[in-house]
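Overview (structure and organization)
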Amino acid sequence: MRTTTLKLAGSEIECSLSWKTMKGITEKVADPVFIAQEVQKQIKADEEGREYEPKVALDTDACVKMVSIAADMEEDEIGELFMDEGIVSAQAETGKLLIALLGEGGKESNVGK
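Residues numbered from 1 in each chain as written. Predicted model: local features only at pLDDT ≥ 70, side-chain atom pairs only at ≥ 80, totals over all residues. Heavy atoms only, no water.

Moving on: the packing of helix α1 (residues 19–28) against helix α2 (residues 32–48). Look at α1 against α2: their axes get within 9 Å of each other, and the N-to-C directions meet at 65°. Seen from α1, the contacting residues are M22, I25 and T26; seen from α2, they are P32, V33 and I35. (Axes fitted to C-alpha atoms, helices over the stretch in contact; angles between N-to-C directions. Helix = DSSP H or I, 4+ residues; strand = E, 2+ residues; numbered from the N terminus. Contact = heavy atoms within 4.5 Å.)

Residues of the protein with pLDDT of at least 70 account for 91%, and the chain-wide mean is 91. Low confidence marks residues 109–113, where pLDDT is under 50. Its contacts with residues over four positions away, or in another chain, come to 14 contacts. (pLDDT = per-residue confidence, 0-100.)

In this section: the pairing of strand β2 (residues 11–16). In terms of strand pairing, strand β1 (residues 3–8) meets β2 through six bridges, oriented antiparallel. Considered in β2, the bridge of K7 is made with E12. (Pairing = 2+ DSSP bridges.)

Moving on: the pattern of salt bridges. Counted by the stated rule, this structure contains five salt bridges. Between K65 and D61 there is a salt bridge; the shortest N-O distance is 3.2 Å. Taken together, the residues span about one helical turn, with K65 and D61 both in helix α3 (residues 60–71) at a distance of four residues. (Salt bridge = Lys/Arg side-chain N within 4 Å of Asp/Glu carboxyl O.)

The next point concerns the layout of surface pockets. In this approach a probe as big as a water molecule rolls over the atoms, and the regions it shows empty are the leftover space. Considered as a void within the structure, the largest pocket measures approximately 320 Å³ in volume. Those elements giving two or more residues to the lining of the largest pocket turn out to be β2, α1 and α3. It is α1 that contributes the most residues to the lining of the largest pocket, five residues altogether. Here the residues of the lining of the largest pocket sort into five nonpolar, five polar and six charged. (1 Å grid on protein atoms, 1.4 Å probe; cavity = no way out; pocket = protein on both sides within 12 Å on 5 of 7 lines; lining within 4 Å. Points joined across faces, edges and corners; volume = space filled by probe spheres on them. Nonpolar A, V, L, I, M, F, W, Y, C, P; charged D, E, K, R; others polar.)

Right, here's the structure in full:
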C-alpha cells in the first residue's frame, strides 16, 4: 500500500494512499478528484482576476477530516496538530496529501518528505 508522510507541529504523520482513504474522503468531504478540479478553477480565476465560488471548500474542517481519514487518527487530534502547526502551513500539508493521493500509483511517494 502506498503512503505519504505529512509534517505537522514537529510530528510525522503517515497517511494511507489507499482506496479506503479515497472512499472515506469522498464520503465525508467530497471526491478528491472533484476537490482538485475546484482548486484548479479557483487558481485560474484568481490569476485572471475574476470571481469564482468553488462548489466545495478546502477549508480547515475539510483539511482536518482528510488528514484524519488518511492517517486513521481522531479528528480532534489532527485538529490540535493543525493549531500547533499553524492553519495555513497545515492546509499546505493537506494539499500535499491530495497530490499524493491522486498521483502516480505503484511508486513510493516522496510528497511531504
